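Listed below are the residues making up each chain.
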Amino acid sequence: MYKELSSGVKISITRSISTSFESYLASIDWKEERFSMEDFIASWQTYFQENAAWIEKIPADVLMSTEFHEEMAQKIDEVIAKILNEEPTAKQIETIEALQKELGTNYSYDCKAEAAYIEQLLKEKQK
């Protein structure tokens, strides 16, 4: 069912998962011990209900389908894995290292999205 959706709808779904996942992680300060898949899913549902036009482009019978829900769960897992496995850029590492040296901090980060969060956090502390 998911595979039959238009590429635009699939891209929008992926973007909504990515955006809400990164936003959810920021809301828990990227603290792994605070992560709850149930809370993330609730956050994503709120996000797409309030912000995503793609929901209106999928027939109600598809949205209610068990098969579609299973495919969406798989898509969520794929998007999360991609986010968590994307390496920080050299520029992010350079910027974060410089900011941490200046501010005397020692934050760790494992992926590009977390590095973006840490970089923003450090820039706010710098002000």
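Residues numbered from 1 in each chain as written. Predicted model: local features only at pLDDT ≥ 70, side-chain atom pairs only at ≥ 80, totals over all residues. Heavy atoms only, no water.

Looking at an unreviewed UniProt entry, the chain carries the name Group-specific protein, with the source organism given as Lysinibacillus agricola.

Asks: Give a description of the packing of aromatic side chains that names residues and reports values.
Replies: Going through the model one piece at a time under the given rule, you end up with 7 aromatic pairs. Here the aromatic rings of Tyr 24 and Phe 35 are separated by 5.6 Å at their centres, their planes lie at 75°, and the arrangement is edge-to-face. Of the two residues, Tyr 24 sits in helix α1 (residues 7-27) while Phe 35 sits in the loop between α1 and α2 (37-51), which places them 11 residues apart along the sequence. Judged by its relative accessible area of 6%, Tyr 24 falls in the buried class. Considering the side-chain rings of Trp 44 and Phe 48, the 4.6 Å spacing of their centres and the 65° angle between planes classify their relative orientation as edge-to-face. (Phe/Tyr/Trp six-rings, centres within 6.5 Å; stacked < 30°, edge-to-face > 60°. Helix = DSSP H or I, 4+ residues; strand = E, 2+ residues; numbered from the N terminus. Buried < 20%, exposed > 50% of the residue type's maximum accessible area, 1.4 Å probe, protein only.)

Asks: For helix α6 (residues 112-126), give the residues involved together with the corresponding values.
Replies: Between its first and last C-alpha atoms α6 spans 21 Å; for 15 residues at 1.5 Å apiece the expected length is 21 Å, and the two agree. Looking at α6, one finds that the buried residues are Ala 113, Glu 114, Ala 115, Tyr 117, Ile 118, Glu 119 and Leu 122. Against α1, α4 (66-85) and α5 (90-103) lie the buried residues of α6. (Expected span 1.5 Å × (residues − 1). Contact = heavy atoms within 4.5 Å.)

Asks: An account of a negative patch on the surface is needed here, citing residue identities and associated values.
Replies: Residues Glu 32, Glu 33, Glu 87 and Asp 110 make up a contiguous surface patch of negative charge. For Asp 110, the position within the fold is in the loop between α5 and α6. (Patch = residues over 30% accessible without salt bridge, like charges linked within 9 Å, V, L, I, M, F, W, Y side chains within 5 Å. Areas by Shrake-Rupley, 256 points an atom, 1.4 Å probe, with all protein chains shown as cover. Salt bridge = Lys/Arg side-chain N within 4 Å of Asp/Glu carboxyl O. Lys, Arg positive; Asp, Glu negative; His and termini not counted. Charge placed at Lys NZ, Arg CZ, Asp CG, Glu CD.)

Asks: Account for α2, naming residues and giving values.
Replies: In this model α2 runs 20 Å from its N-terminal to its C-terminal C-alpha over 15 residues, within 8% of the 21 Å that 1.5 Å per residue would give. Tucked into the core, α2 has its buried residues touching α1 and α4.

Asks: Let's hear about unusual backbone geometry: which residues, and what values?
Replies: Of note, the phi angle at Asp 29 is positive, near 55°, even though the residue is not glycine. Turning to its location among the elements, Asp 29 is positioned in the loop between α1 and α2. Taking the relative accessible area as the measure of exposure, Asp 29 reaches 36% and is therefore partly exposed.

Asks: Which residues make up the nonpolar core, and what values go with them?
Replies: Formed by 32 residues in total, the largest nonpolar core has its most connected members in Ile 13, Ile 17, Phe 40, Trp 44, Trp 54 and Ile 58. Where this core is concerned, the elements lending two or more residues are α1, α2, α4, α5 and α6. Those residues in contact with Phe 40 that lie beyond four places of it in its chain are Ile 17, Ser 20, Phe 21, Tyr 24, Phe 35, Ile 76 and Ile 80. (Core = buried A, V, L, I, M, F, W, Y, C linked by side-chain atoms within 4.5 Å.)

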